[in-house]
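Residue-level listing of the chains:
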Amino acid sequence: SFEVQPGETLGIMGETGSGKSTIINLMSRFYDADKGKICLDDVDIRDMKLSQVRESISQVMQDVFLFSDTIAENIKLGKKDYISEEEVEIASNNAQVSEFATKMKNKYNTVIGERGVGLSGGQKQRISIARVFLKNPPIIILDEATSALDNESEYEVAKSLGRLSEGRTTLTIAHRLSSIRNSDRILVLTHDGIVEEGNHEELLEKHGIYDQFYRMANELK
């Protein structure tokens, strides 16, 4: 069991099969828990309309799906209301999509191929971040959002994610400790559940699993 405060950034790390993705799937109600409950503002999400849950939470995943359409239409994906060009541009500026979109011949009306053919991994990821800026949910989930990127792209996307996280409740799942070390709190999972909890400095002082991961990561550099 754990609790996340409004506006808090929570990092979640752990070995394969420890339940990281299960937590996210349950939060988003891709399926319901057999035991226990998940609450948003003390309301069991099973008592909420599915649309309410999905409107409250947005995810930035490792694998971004883009349709064969314009950059603008891909950013608008999932937003039912009318969206102005100005709103698209504001979201794009926040996510740094404008840095590459404005250099293209048709700018935001440039058609990209299925799954973003012709764009780099970092560019595709920034489009997915722009979607979340446009949706403006109170809770965001970052699921290995930078794990498939090279170091330069990861740095640029991390800046966009940092801006996205401001004022929102953020859960970050990551194998790279660099993605979660600045979280307000970090949960370390194993097959036994949550085995360590604290911020980066507190977990290092425990000389446990997190500390071991940190030392290994530094040795590999």
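Scroll up to find the structure this text is about.
Presented here is a report on the structure given in the accompanying data block. (Residues numbered from 1 in each chain as written. Predicted model: local features only at pLDDT ≥ 70, side-chain atom pairs only at ≥ 80, totals over all residues. Heavy atoms only, no water.)

Re the overall build of the protein chain
Along the protein chain, the regular secondary structure elements total nine helices and ten strands. Against the compact-globule benchmark of 17 Å for 221 residues, the protein chain has a radius of gyration of 18 Å, which places it among compact chains. Counting only C-alpha atoms, the protein chain reaches 55 × 45 × 30 Å along its principal axes. Counting across all 221 residues of the protein chain, residues that qualify as buried make up 45%. Put simply, of all contacts in the protein chain between residues at least 6 apart along the chain, 70% involve residues at least 24 apart. Accessible surface, the protein chain: about 12400 Å² in total, of which carbon and sulfur atoms supply 47%. Side-chain charges in the protein chain split into 27 positive and 36 negative, and the spacing between the mean points of these groups amounts to 4 Å. (Helix = DSSP H or I, 4+ residues; strand = E, 2+ residues; numbered from the N terminus. Rg over C-alpha atoms; globule rule 2.2 N^0.38 Å. Buried < 20%, exposed > 50% of the residue type's maximum accessible area, 1.4 Å probe, protein only. Contact = heavy atoms within 4.5 Å. Areas by Shrake-Rupley, 256 points an atom, 1.4 Å probe, with all protein chains shown as cover. Lys, Arg positive; Asp, Glu negative; His and termini not counted. Charge placed at Lys NZ, Arg CZ, Asp CG, Glu CD.)

Some words on the environment of R181
Within the secondary structure layout, R181 lies in the loop between β8 (169-173) and β9 (185-190). On the basis of relative accessibility, which here comes to 34%, the residue R181 falls in the partly exposed class. For the pair R181 and L10, spaced 171 residues apart in sequence, the C-alpha to C-alpha distance is 9.9 Å. Leaving out residues up to four positions away in the same chain, R181 has contacts with I186, H200, Y210 and Y214.

Let's talk about unusual backbone geometry
One can expect most non-glycine residues to show negative phi and most peptide bonds to be in trans. A positive phi is found at R29, a non-glycine position, where the angle reads about 60°. Of note, R29 is situated in the loop between α1 (20-27) and β2 (39-40). In this structure R29 comes out as buried when scored by relative accessible area, which is 19%. Notably, Q96 is not glycine yet its phi reads approximately 65°, a positive angle. Mapped onto the elements of the fold, Q96 is located in the loop between α4 (85-95) and α5 (98-101).

Describing the pattern of salt bridges
What the rule picks out here adds up to seven salt bridges. One salt bridge connects D44 with R46, and the closest N-O pair in it is separated by 3.0 Å. Look at R46 and you get partly exposed, because its relative accessible area is 34%. (Salt bridge = Lys/Arg side-chain N within 4 Å of Asp/Glu carboxyl O.)

Considerations on helix α6 (residues 121-135)
Look at α6: 22 Å from first C-alpha to last across 15 residues, which is about the 21 Å you get at 1.5 Å a residue. Of all the 15 residues making up α6, twelve are buried; the element is thus mostly covered by neighbouring parts of the structure. Within α6, the full set of buried residues consists of G122, Q123, Q125, R126, I127, S128, I129, A130, R131, V132, F133 and L134. One or two residues past the end of α6 sits N136, with phi positive at roughly 55°. (Expected span 1.5 Å × (residues − 1).)

A word on the pairing of strand β1 (residues 9-14)
β1 sits mainly inside the fold: six of its six residues count as buried. Neither face of β1 is left uncovered, since the one carrying T9, G11 and M13 and the one carrying L10, I12 and G14 both have all their residues buried. Two strands pair when backbone bridges link them, and β1 and β8 are joined in this way by four bridges, in the parallel orientation. Looking across to β8, one finds that I12 is bridged to I173. As judged from the five bridges shared by β1 and β9, these two strands associate in the parallel manner. Each bridged residue has a counterpart across the sheet, and for G14 the counterpart in β9 is L189. (Pairing = 2+ DSSP bridges.)

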